Amino acid sequence: KLSFKIICVFQISDEEQGYDLDLFCIPKHYADDLERVYIPHGLILDRTERLAREIMKNMGGHHIVALCVLKGGYKFFADLLLDYIKALNRNSDLTKQIHLILNDTHPHLLDLLLVRDIIDTGKTMKTLLELLKQYNPKMVKVASLLVKRTPRSVGYRPDFVGFEVPDKFVVGYALDYNEYFRDLNHICVISETGKEKYKA
Ligand code: HPA
Ligand code: MG
């Protein structure tokens, strides 16, 4: 039996201009440091809700251990798992659990879900997946909010992708520039002023 699956990608084109900052609420202290709103917070949450559903469909029958990879993923991690997946679980009669733990005594029994903010070159993910192999987990899947279209990519593609974005530096929704902008809800493009002001 043949079956076809249409893979939907939320692709943000290279021409996408985003939205004027004045259309949204932006923390005052960042007023001059941003160029445009690129992905509004509401859209991030809507897309995250759908990803949570796909993840449950894909991994749902199992006992999932979810790991947040690095600081930049924490908002996505929280919204994806703590709100949406939990809500989905409450609405289903299966008792699936998500354990937010790093060390489990039986890693070979685990279905791991790694949650990331952005895949840029993909080098970090490749290294991490290599490292995890030694624990011989039953399954490893990766969900990334963003994947960048960049010639520097090593070709790695995660299992679940929120948005595919052009090769621009973005901040907000926990993504940082030298630790700044994590406290911004929308994903935005940084301005020249911002780059200069928060330069390392
Ligand atoms: N923004 C924030 N952090 C990042 C990015 C980005 O565009 N690419 C890799 N790390
Ligand atoms: Mg960072």
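The structure under discussion appears in the preceding block.
All figures in this text were calculated on a predicted structure; none of them were measured in a lab. (Residues numbered from 1 in each chain as written. Chains lettered and ligands numbered in written order. Predicted model: local features only at pLDDT ≥ 70, side-chain atom pairs only at ≥ 80, totals over all residues. Heavy atoms only, no water.)

Colleague: What am I meant to see in the overall build of the chain here?
Modeller: Tallying secondary structure elements over the chain gives four helices and eight strands in all. Listing each helix as α and each strand as β along the chain from the N terminus yields β-α-β-α-β-β-α-β-β-β-β-α. Considering the chain as a whole, with its 200 residues, one finds that 44% of them fall into the buried category. Relative to all contacts within the chain whose residues are 6 or more apart in sequence, the contacts with residues 24 or more apart total 68%. (Helix = DSSP H or I, 4+ residues; strand = E, 2+ residues; numbered from the N terminus. Buried < 20%, exposed > 50% of the residue type's maximum accessible area, 1.4 Å probe, protein only. Contact = heavy atoms within 4.5 Å.)

Colleague: I would appreciate a short explanation of the packing of aromatic side chains in the present structure.
Modeller: Centre-to-centre distance and the angle between the planes together describe a pair of aromatic rings. Scanning all chains against the criterion turns up seven aromatic pairs. Relative to F24, the ring of Y19 lies with its centre 5.9 Å away and its plane at 75°, an arrangement referred to as edge-to-face. Classification of Y19 by relative accessible area gives partly exposed; the value is 35%. (Phe/Tyr/Trp six-rings, centres within 6.5 Å; stacked < 30°, edge-to-face > 60°.)

Colleague: Sorry, what's going on with the pattern of salt bridges here?
Modeller: Where side chains of opposite charge bring their charged atoms close, a pairing between them can arise. Evaluation of the coordinates by the stated rule reveals 15 salt bridges. Several salt bridges converge on common partners, so that one network encompasses D14, R149, R157 and E164. (Salt bridge = Lys/Arg side-chain N within 4 Å of Asp/Glu carboxyl O.)

Colleague: Got a minute to help me understand the sheet that holds strand 1 (residues 34-39) in this structure?
Modeller: Sheets are built from strands that pair by backbone hydrogen bonding, the pairs being arranged parallel or antiparallel. With antiparallel pairing, the three strands of this open sheet are ordered in space as 1-8-7. Looking at strand neighbours, the two that pair on one side only are strand 1 and strand 7 (170-171), the edges of this open sheet. Taken together, the four bridges between strand 1 and strand 8 (residues 187-190) define a ladder with antiparallel strand orientation. The residue of strand 8 that forms the bridge with L34 is I190. (Pairing = 2+ DSSP bridges.)

Colleague: Is there a simple way to think about the nonpolar core in this case?
Modeller: Proteins that are soluble and globular tend to have nonpolar side chains buried together. One finds I39, F76, L80, L113, L145, L146 and I187 to be the most contacted residues of the largest nonpolar core, which totals 29 residues. Put simply, the parts of the chain that give this core at least two residues each are strand 1, helix 1 (41-59), strand 2 (64-68), helix 2 (74-91), strand 4 (111-119), strand 5 (139-148), strand 6 (160-165) and strand 8. At six residues, the largest contribution of residues to this core is made by helix 1. If we ignore the near neighbours within four places in the chain, the residues touching I39 are I12, I44, L146, F163, V165, H186 and I187. Membership of the second largest hydrophobic core comes to 13 residues, among which are V69, L114, I119 and M125. (Core = buried A, V, L, I, M, F, W, Y, C linked by side-chain atoms within 4.5 Å.)

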